[in-house]
Amino acid sequence: MVGSSSSWSTALVKISPYTFASIGIAISIGVSVLGAAWGIYITGSSLIGAAIKAPRITSKNLISVIFCEAVAIYGVIVAIILQTKLESVPSSRIYDPESLRAGYAIFASGIIVGFANLVCGLCVGIIGSSCALSDAQNSSLFVKILVIEIFGSALGLFGVIVGIIMSAQATWPSKG
Amino acid sequence: MYGFEALTFNIHGGYLEAIVRGHRSGLLTASDYNNLCQCETLEDIKMHLSATEYGPYLQNEPSPLHTTTIVEKCTLKLVDEYKHMLTQATEPLSTFLEYITYGHMIDNVVLIVTGTLHERDVQELLEKCHPLGMFDSIATLAVAQNMRELYRLVLVDTPLAPYFSECITSEDLDDMNIEIMRNTLYKAYLEDFYRFCQKIGGATAEIMCDILAFEADRRAVNITINSIGTELTRDERRKLYSNFGLLYPYGHEELAVCEDIDQVRSAMEKYPPYQSIFSKLSYGESQMLDKAFYEEEVKRLCLAFEQQFHYGVFFAYMRLKEQEIRNLMWVSECVAQNQKSRVHDSVVFIF
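Residues numbered from 1 in each chain as written. Chains lettered and ligands numbered in written order. Predicted model: local features only at pLDDT ≥ 70, side-chain atom pairs only at ≥ 80, totals over all residues. Heavy atoms only, no water.

In the nomenclature of an unreviewed UniProt entry, chain B corresponds to V-type proton ATPase subunit from the organism Olea europaea subsp. europaea. Per UniProt, the comment on chain B under Subcellular location (unreviewed entry) is "Vacuole membrane". (UniProt positions renumbered as here; feature names shortened; annotations may be inferred.)

Per an unreviewed UniProt entry, chain A carries the name V-type proton ATPase subunit c 1 and comes from Olea europaea subsp. europaea. For the record of chain A, the UniProt heading Subunit (unreviewed entry) holds the text "V-ATPase is a heteromultimeric enzyme composed of a peripheral catalytic V1 complex attached to an integral membrane V0 proton pore complex." Under the Sequence similarities (unreviewed entry) heading, UniProt states for chain A: "Belongs to the V-ATPase proteolipid subunit family."

**Q** Before we go on, may I ask you to explain the overall build of chain A in this structure?
**A** Of the regular secondary structure elements, chain A holds five helices and zero strands. Helices (α) and strands (β) of chain A occur, in sequence order from the N terminus, as α-α-α-α-α. Scaling as 2.2 N^0.38, a compact globule of 176 residues should have a C-alpha radius of gyration of about 16 Å, whereas chain A reaches 21 Å, well beyond that. The buried share of chain A, reckoned over its 176 residues, is 44%. Long-range contacts, defined as pairs at least 24 residues apart, comprise 88% of the intrachain contacts of chain A with a sequence gap of at least 6. Distance between charge centroids for chain A: 4 Å, based on 9 positive and 6 negative side chains. (Helix = DSSP H or I, 4+ residues; strand = E, 2+ residues; numbered from the N terminus. Rg over C-alpha atoms; globule rule 2.2 N^0.38 Å. Buried < 20%, exposed > 50% of the residue type's maximum accessible area, 1.4 Å probe, protein only. Contact = heavy atoms within 4.5 Å. Lys, Arg positive; Asp, Glu negative; His and termini not counted. Charge placed at Lys NZ, Arg CZ, Asp CG, Glu CD.)

**Q** Looking at this model, I keep getting lost on the UniProt feature "transmembrane region" (unreviewed entry) in chain A. Mind explaining?
**A** Residue and element names in this part refer to chain A. Under the local residue numbering, the UniProt record ascribes the feature "transmembrane region" (unreviewed entry) to residues 20–41, 62–82, 102–129 and 141–166. Secondary structure content for residues 20–41 is 100% helix and 0% strand, and the end C-alpha separation is 31 Å. Helix makes up 100% of residues 102–129 and strand 0%, and the two end C-alpha atoms of the span are 41 Å apart.

**Q** For this particular structure, what's the right way to read helix α10 (residues 202–226) of chain B?
**A** Side chains three or four residues apart in an α-helix point the same way, a direct result of the helix having 3.6 residues per turn. Spanning 25 residues, α10(B) covers 36 Å between terminal C-alpha atoms, matching the ideal 36 Å at 1.5 Å per step. For α10(B), the buried fraction is high: 19 of the 25 residues fall into the buried class. (Expected span 1.5 Å × (residues − 1).)

**Q** Looking at this structure, how should I read the pattern of salt bridges?
**A** Side-chain pairs of opposite charge can arise where the charged atoms are in close proximity. Inspection of every chain in the model, using the stated rule, returns 24 salt bridges over all chains. The salt bridge partner of B:Glu53 is A:Lys53, with a shortest N-O separation of 3.5 Å. Highlighted residues: B:Glu53 in the loop between α3 (42–50) and α4 (55–58) and A:Lys53 in helix α2 (residues 17–53), drawn from two different chains. The residue B:Arg238 makes a salt bridge to B:Asp235 at a minimum N-O spacing of 3.9 Å. (Salt bridge = Lys/Arg side-chain N within 4 Å of Asp/Glu carboxyl O.)

**Q** Mind showing me how you'd approach the packing of aromatic side chains here?
**A** Describing an aromatic ring pair means giving the distance of the ring centres and the angle of the ring planes. Counted according to the given criterion, the structure contains 23 aromatic pairs over all chains. Look at B:Phe9 and B:Tyr311: their rings are 5.5 Å apart centre to centre, the planes differ by 50 degrees, and that puts the pair in the tilted class. With B:Phe9 in helix α1 (residues 5–24) and B:Tyr311 in the loop between α15 (287–304) and α16 (312–336), this pair connects stretches of sequence that are 302 residues apart. Given a relative accessible area of 10%, B:Phe9 falls into the buried group. For the pair B:Tyr151 and B:Phe164, a centre-to-centre distance of 5.7 Å together with 35 degrees between the ring planes defines the contact as tilted. Here B:Tyr151 is found in helix α8 (residues 147–153), whereas its partner B:Phe164 is found in the loop between α8 and α9 (175–200), with 13 residues between them in sequence. For B:Tyr151, a relative accessible area of 23% corresponds to the partly exposed category. Its guanidinium or amino end placed over the ring of A:Tyr95, A:Lys14 lies 5.1 Å from that ring's centre, counting from NZ or CZ. When the ring centre of B:Phe305 is taken as reference, the NZ or CZ atom of B:Arg24 above it lies at 4.9 Å. (Phe/Tyr/Trp six-rings, centres within 6.5 Å; stacked < 30°, edge-to-face > 60°. Lys NZ or Arg CZ within 6 Å of the ring centre and 35° of its normal.)

**Q** Sorry, what's going on with a negative patch on the surface here?
**A** There is a patch of like negative charges on the surface, built from B:Glu72, B:Asp121, B:Glu124 and B:Glu127. Within the element layout of this structure, B:Glu127 appears in helix α7 (residues 122–128). (Patch = residues over 30% accessible without salt bridge, like charges linked within 9 Å, V, L, I, M, F, W, Y side chains within 5 Å. Areas by Shrake-Rupley, 256 points an atom, 1.4 Å probe, with all protein chains shown as cover.)

This is the structure we're talking about:
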């Protein structure tokens, strides 16, 4: 009988790599959209309230909402790319190290993109809220705070780049 | 958790915070005050104010204008803004906003009781009450003869009920008792508000507790100065001081035994924030103390706007608006009485 100390690692290794891959894809889009929605409501509520006294800020400050939305789009793009990487392998080779590697790579890619976009969406949302409130008081501040937002939205891009690189090396074992 | 309010504050408070910051941009600036100080008559003041946010409220007033009308309409604007925010607020912001008005309720209660003691008409007193502190059964206050009746008939249904436990006596109400009652109620209110803000936690607790501590200390100094030379004993005086703030507990020990203003000054100069206030006054002078305290309060309230995602901005805005109304009243009175040279004695610039 195999020693009990190896039972956990055996259990993990016996989970199908398809499970990991599919969860990765789900996280990639689900958590990205969570980040984008969170950012949009943070910006949107401040923008609506501030626009009552200063209606001129509405059109310019929609940029903050657009940056948050971009985060969700990154998640969708990566999810579509990841799902094209899912291939069938013959059931005899499903637990080969090559298969596991491919499954884990897609999983990791999904987590990278999902959580990078979560925090990016939050960051852009909070800055967007402060941007709307400051713009309402003093319109020269808008462009300066926008620069901060641009740096913040680069965080999501970092996640997408690394995620795509990770998924590029997800090669399933070929038949035979 | 302190530092992460930005993640969830906007769910319930984002819209109202943006609205209150919009109102703040409508406060009068130094150039507005300069224009107002150069007015010759109240009609000029009305014309200048109609170019500011007060325009819609003063437009339809017939001339001749009185200073009380100007102040009343400006207060009406504050009340409208407050009610608009209160109706849109959810817990705990709605409770926070209600707490802001309890101070006015206490003032109104004391006004009516004192007025009744001096045999004034109830309707006349009701018109003088601050609109933010009105509650339904306020007119019944005129009937009460002593504190126990006051509590039992009227105040038990108001939010002030829990503050009464410390000051119910069966003595008849006279001037001294009423002042002690006012200060005891206010002390209980400040402590309750302080505990409430601490319970909310985060940035609200930090900012509000600082502002409330200053308020408590200011009241302690005012109580001390006002009770010099009266029959208030030292123990009674000590009971009126709040149990928080920079002066608690050692400053209170020193203040309780002060017998004149210079002793108060030497007690306060040990505390750096208050030493700068007292250094502006020369020895033996106390008229400018009020203005010095107001200036310090305004400075702290303006700092509350520097941070986002907390409730302190609501409190700060209400107080700044009240200060603005006090300024307008002073300017109008100086103009009406033709004493323009004294205009800058008591105007505290907010920006």
